[in-house]
Amino acid sequence: MKPRMVKVSAPGKVILSGEHAVVYSYPALVAAVNKRLSITRIGNKKEIDSDIPIGCGMGSSAAFAVASSALNIKLKGERWDLEKINQEAYKREKKQHGNPSGGDNTISTYGGFLWYRKEAESLKTFSQIHSKRKLSNLFAINTGRPNESTKEMVSYVAGLYRKRKSKIDSILKDIGEVTKAFLRYLLAEENLSLEALIKGNESLLENLGVVSKSTIQLIREIEKIGGAAKVSGAGGKKDKSGILLAYHQDPDRLVMLAKDMNLDIFPIRLGEGGVRVEK
Ligand code: MEV
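An account of the accompanying structure is given in this report. Note that the structure is a prediction, hence the values are computed from the model and not measured.

Another point: the overall build of the protein. Summing up its helical and strand segments, the protein has eight helices and 10 strands in all. Over its C-alpha atoms the protein spans a radius of gyration of 18 Å, differing by no more than 12% from the 19 Å that the globule rule assigns to 279 residues. Expressed as a percentage of the 279 residues in the protein, the buried residues total 52%. Pairs at least 24 residues apart make up 71% of the contacts formed inside the protein by residues separated by at least 6 positions. Carbon and sulfur atoms make up 48% of the accessible area of the protein, which totals about 13300 Å². Charge separation in the protein, taken as the distance between the mean sites of 46 positive and 31 negative side-chain charges, equals 5 Å.

Taken as a whole, this structure holds 16 salt bridges when the rule is applied. Between Glu78 and Lys76 there is a salt bridge, with its nearest N and O atoms 3.7 Å apart. Glu78 sits in the partly exposed class, given a relative accessible area of 28%. The salt bridge partner of Arg117 is Glu119, with a shortest N-O separation of 3.3 Å.

Between two packed helices, both the angle of their axes relative to each other and the distance between the axes serve to describe the pair. The N-to-C vectors of helix α1 (residues 60-75) and helix α2 (residues 82-97) enclose an angle of 135 degrees; their axes lie 8 Å apart at closest approach. When the interaxial angle is binned, α1 and α2 end up oblique. Between α1 and α2 lies a crossing of right-handed hand. Residues Ser61, Ala62, Ala65, Val66, Ser68, Ser69, Ala70, Asn72 and Ile73 of α1 form the contact with α2, whose participating residues are Lys84, Ile85, Glu88, Ala89, Arg92, Glu93, Gln96 and His97. Per-class residue counts for the contact of α1 with α2 are seven nonpolar, six polar and four charged.

Take the packing of α2 against helix α3 (residues 103-110) next. Where α2 meets α3, the closest approach of the two axes is 9 Å, and the angle between their N-to-C directions is 150 degrees. In this structure, α2 crosses over α3, and the sense of that crossing is right-handed. Where α2 abuts α3, its residues Leu82, Glu83, Ile85, Asn86, Ala89, Tyr90 and Glu93 lie against Asp104, Asn105, Thr106, Thr109 and Tyr110. Split by residue class, the contact of α2 with α3 holds five nonpolar, four polar and three charged.

Close to the ligand lie Lys13, Ile15, Glu19, His20, Val22, Val23, Pro100, Ser101, Asp104, Val154, Gly233 and Ala234. Within the side chain of Ser101, one N or O atom sits 2.6 Å away from an oxygen atom of the ligand. Here Asp104 contributes a side-chain N or O atom positioned 2.8 Å from an oxygen atom of the ligand. Its free accessible area being 300 Å², the ligand has 95% of it covered by the protein chains. Here the residues of the shell around the ligand sort into six nonpolar, three polar and three charged.

A few words now on the packing of aromatic side chains. Tallying each qualifying case throughout the model produces three aromatic pairs. A ring pair is formed by Tyr110 and Phe126, whose centres lie 4.7 Å apart and whose planes are at 45 degrees; its orientation type is tilted. Of the two residues, Tyr110 is situated in helix α3 and Phe126 in strand β5 (residues 123-128); the sequence distance between them amounts to 16 residues. Judged by its relative accessible area of 31%, Phe126 is partly exposed. Over the ring of Tyr90 we find Lys124; its NZ or CZ atom is 4.0 Å from the centre of that ring. Lying over the aromatic face of Tyr156, Lys237 brings its terminal NZ or CZ to 4.3 Å of the ring centre.

Turning our eyes to something else, we now look at unusual backbone geometry. One non-glycine residue with positive phi stands out, namely Leu135, at about 50 degrees. Examined against the element boundaries, Leu135 turns out to sit in the loop between β5 and β6 (138-142). Overall, Leu135 belongs to the buried group, its relative accessible area being 12%. Despite not being glycine, Asn137 has its phi angle at roughly 60 degrees, a positive value. Accessibility expressed as a relative area gives 28% for Asn137, which makes it partly exposed.

Structurally, Arg36 is set in strand β2 (residues 28-42). Notably, Arg36 is buried but unbridged: the nearest opposite-charge side chain belongs to Glu278, and the N-O separation is 4.1 Å. Separated by 2.9 Å, the side chain of Arg36 and the backbone oxygen of Gly273 make a polar contact. Dropping the residues within four chain positions of it, Arg36 is found in contact with Ser9, Ala10, Pro11, Asp49, Ser50, Asp51, Ile52, Gly273, Gly274, Val275, Arg276 and Glu278.

This brings us to the side chain of Ser38. You can see Ser38 is positioned in strand β2. Residues contacting Ser38, with those up to four places away along its chain left out, are Lys7, Val8, Ser9, Glu47, Ile48 and Asp49.

What counts, and where the lines are drawn
- Residues numbered from 1 in each chain as written.
- Predicted model: local features only at pLDDT ≥ 70, side-chain atom pairs only at ≥ 80, totals over all residues.
- Heavy atoms only, no water.
- Helix = DSSP H or I, 4+ residues; strand = E, 2+ residues; numbered from the N terminus.
- Rg over C-alpha atoms; globule rule 2.2 N^0.38 Å.
- Buried < 20%, exposed > 50% of the residue type's maximum accessible area, 1.4 Å probe, protein only.
- Contact = heavy atoms within 4.5 Å.
- Areas by Shrake-Rupley, 256 points an atom, 1.4 Å probe, with all protein chains shown as cover.
- Lys, Arg positive; Asp, Glu negative; His and termini not counted.
- Charge placed at Lys NZ, Arg CZ, Asp CG, Glu CD.
- Salt bridge = Lys/Arg side-chain N within 4 Å of Asp/Glu carboxyl O.
- Axes fitted to C-alpha atoms, helices over the stretch in contact; angles between N-to-C directions.
- Parallel < 35°, antiparallel > 145°, perpendicular 65-115°, else oblique.
- Left-handed = near helix turned anticlockwise from the far one by under 90°.
- Nonpolar A, V, L, I, M, F, W, Y, C, P; charged D, E, K, R; others polar.
- Near = heavy atom within 4 Å.
- Polar contact = N/O pair within 3.5 Å; in protein donor to acceptor, adjacent residues only side chain to side chain.
- Phe/Tyr/Trp six-rings, centres within 6.5 Å; stacked < 30°, edge-to-face > 60°.
- Lys NZ or Arg CZ within 6 Å of the ring centre and 35° of its normal.

If you want it as structure tokens, here you go:
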């Protein structure tokens, strides 16, 4: 008899706006991307496959947590229940990251675009957003895996918050305002430019101190050729800062710049499906 095979997959994510601020109860706008992690179980063997860059802010660890929880549910023969998968994944994320907002596992579970908020440990709210904008010409540029883990970056910001509460809280609050503007843009309630929103968010992340010098230089180069880019995820301050979400209305120029600098660049589609069983 052939051993039973179960395969589940979960997507990576980008944060359009709101990283770090979301840990302090400000909103975040997150989107699932067309990069996935899958776990296949055949008999006693487990196989993991992934095209999500690891440890670069694209949600590889959350996708692993979500896929693992989903696999458990399937193997136990329980009902497919997204809320339960998400809760289990959040517990796994907490073990790894200490104080996650829960945004990464939630977007990987549900997919699409989400408006996410952690009001309190036991009240996390989110809404599916149906984007009225096409959001084309978006790329991920990998600046490389940061020295610092997400956990370290989150506790770095927590340290700053303790020392200089009013300054840091005002940056986080401004990030919240950009996130709200981004939402109105997606819903076509306001005519804003995608470049300005990305630049606005990036500049606040730089003020917060989660973007390294070399990444700031790279982003200035992207802006010089008419594009915009931001760190997406926890960032990194010593050397590399993980994935950048980048936009240019003439994508060839962005691709050329990244290639000239020997950086990995790939187009991304936003709003992809959440966790699922694969045939
Ligand atoms: C990490 O992808 C995003 C952070 O806001 C941490 C979190 O939300 O848990 C930096």
